[in-house]
Amino acid sequence: MTDLSNSFFADGPVDLPAGGPLYLQLKRWIEDAIHRGEINPGDALPSERDLATRVDVSRVTVRKAVLHLVKDGVLVQRHGSGTFVAPQPQRVEQSLSQLTSFTEDMARRGMAVHARWLERAVYQPSPEETVILGLSSGDQVARISRLRLTGETPLAIERASLSARVLPDPTAIGDSLYKHLDKSGNRPIRAIQRIRAANLDAEDAYLLEVPVGSAGLNIERTSYLASGRVIEFTRSIYRGDTYDFVAELRIGDAPATGGKTP
Ligand code: 16G
């Protein structure tokens, strides 16, 4: 049972954020409280009736708000025991100085990964792909898009483009793109990575099982072979609540001291 006298739901007057139907105002109020850390993963929500009384709205309004929050993955309902703030996935740190693959990053942390294929086929390249991959006229492009998960938790969406000369059959890739490229001597040795903050759109939020508009990291990686040729151009969306990208910074030409990089 929730102890309402000792919880966020028992504090002060409720000031719902203005605008839109009441159930959306209530939904936003709960989401904001989670973002501010006033209620935390695993915390129980009051019963529908208690919440309706507390916020001074109808039970129908509470039900609708809760239903939407469950659908967005913000709350979970456990049969017989109530409604809870959804658990937060474990955060993952990725070094910004090592050119590693997703599979290797996770293996180093003892985390098993798998992928759900969203797309893998050969297409006519877009003008952007032609320029970035340095394709010649008549060249085709292999596009592979995957949802990357650990257990049941989706972590990232990766949409990669490679020349079809390098990857004529995108269905031949197993669990790891880099492992596959390695076999033909085409594993990249250098990459430029650009990271931007993003608010997830409906499609990406649905795949990553977070509310629309949640914080995400938009990452573009352009990877090169030793010859200088671009081998891979990948746009990834990482969940903002699961990833820390960590860079080691040094002063001037100071030598490495053997400090641990993640
Ligand atoms: C990483 C790369 C991605 C690459 C993938 C290969 C970032 C942001 N992206 O996720 O560009 O295609 O690894 O992983 O780090 P795989 O070998 O496990 O398929």
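The structure we're discussing is the one just above.
Residues numbered from 1 in each chain as written. Predicted model: local features only at pLDDT ≥ 70, side-chain atom pairs only at ≥ 80, totals over all residues. Heavy atoms only, no water.

A.B. asks: Just checking my understanding: could you explain the overall build of the protein for this structure?
C.D. replies: The secondary structure content of the protein amounts to seven helices and 10 strands. The C-alpha atoms of the protein give 23 Å as radius of gyration, which overshoots the globular expectation for 262 residues (18 Å, by more than 25%). The principal-axis extents of the C-alpha atoms in the protein amount to approximately 70 × 50 × 35 Å. Each of the 262 residues in the protein was classed as buried or not, and the buried ones make up 41%. Summarising the internal contacts of the protein: among those between residues at least 6 apart in sequence, 61% fall at separations of at least 24. Side chains of the protein give 32 positive and 33 negative charges; the mean places of these two sets differ by 4 Å. (Helix = DSSP H or I, 4+ residues; strand = E, 2+ residues; numbered from the N terminus. Rg over C-alpha atoms; globule rule 2.2 N^0.38 Å. Buried < 20%, exposed > 50% of the residue type's maximum accessible area, 1.4 Å probe, protein only. Contact = heavy atoms within 4.5 Å. Lys, Arg positive; Asp, Glu negative; His and termini not counted. Charge placed at Lys NZ, Arg CZ, Asp CG, Glu CD.)

A.B. asks: Got a minute to help me understand the site of the ligand in this structure?
C.D. replies: Neighbouring residues of the ligand: 16 residues in total, closest Thr103, Glu158, Ser176, Arg221 and Glu232. Here an oxygen atom of the ligand sits 3.0 Å away from a polar atom, N or O, in the main chain of Phe102. Take Glu232: an N or O atom from its side chain is 2.5 Å from an oxygen atom of the ligand. Protein contacts shield 100% of the accessible area of the ligand, which totals 450 Å² for the unbound molecule. The set of elements that each furnish at least two residues to the shell around the ligand consists of helix 4 (102-108), strand 5 (141-150), helix 6 (177-183), strand 8 (215-224) and strand 9 (230-239). At three residues, the largest contribution of residues to the shell around the ligand is made by strand 9. Its residues assigned to classes, the shell around the ligand comprises five nonpolar, six polar and five charged. (Near = heavy atom within 4 Å. Polar contact = N/O pair within 3.5 Å; in protein donor to acceptor, adjacent residues only side chain to side chain. Areas by Shrake-Rupley, 256 points an atom, 1.4 Å probe, with all protein chains shown as cover. Nonpolar A, V, L, I, M, F, W, Y, C, P; charged D, E, K, R; others polar.)

A.B. asks: How should the pairing of strand 8 be read in this particular structure?
C.D. replies: Across a regular strand the side chains alternate sides, sitting on one face of the sheet and then on the other. With nine of its 10 residues buried, strand 8 lies for the most part within the structure. Both strand 7 (residues 190-199) and strand 8 contribute to a ladder of 10 bridges, which runs antiparallel. By the bridge assignment, Ala197 is partnered in strand 8 with Leu217. Direction of pairing for strand 8 relative to strand 9: antiparallel, over a ladder of nine bridges. When the bridges of strand 9 are listed, Ile219 appears paired with Ser236. (Pairing = 2+ DSSP bridges.)

A.B. asks: When you look at the nonpolar core in this model, what are you seeing that I'm missing?
C.D. replies: In globular proteins that are soluble, nonpolar side chains generally tend to be buried together. If you look at the biggest cluster of nonpolar residues, it comprises 22 residues, and the most contacted ones within it are Leu26, Trp29, Ile30, Ile39, Leu45 and Leu51. Of all elements in the fold, only helix 1 (22-35), helix 2 (48-55) and helix 3 (59-71) reach the threshold of two or more residues within this core. With six residues, helix 1 is the single largest residue contributor to this core. Those residues in contact with Leu26 that lie beyond four places of it in its chain are Leu16, Val55, Val57, Thr61, Val62 and Ala65. (Core = buried A, V, L, I, M, F, W, Y, C linked by side-chain atoms within 4.5 Å.)

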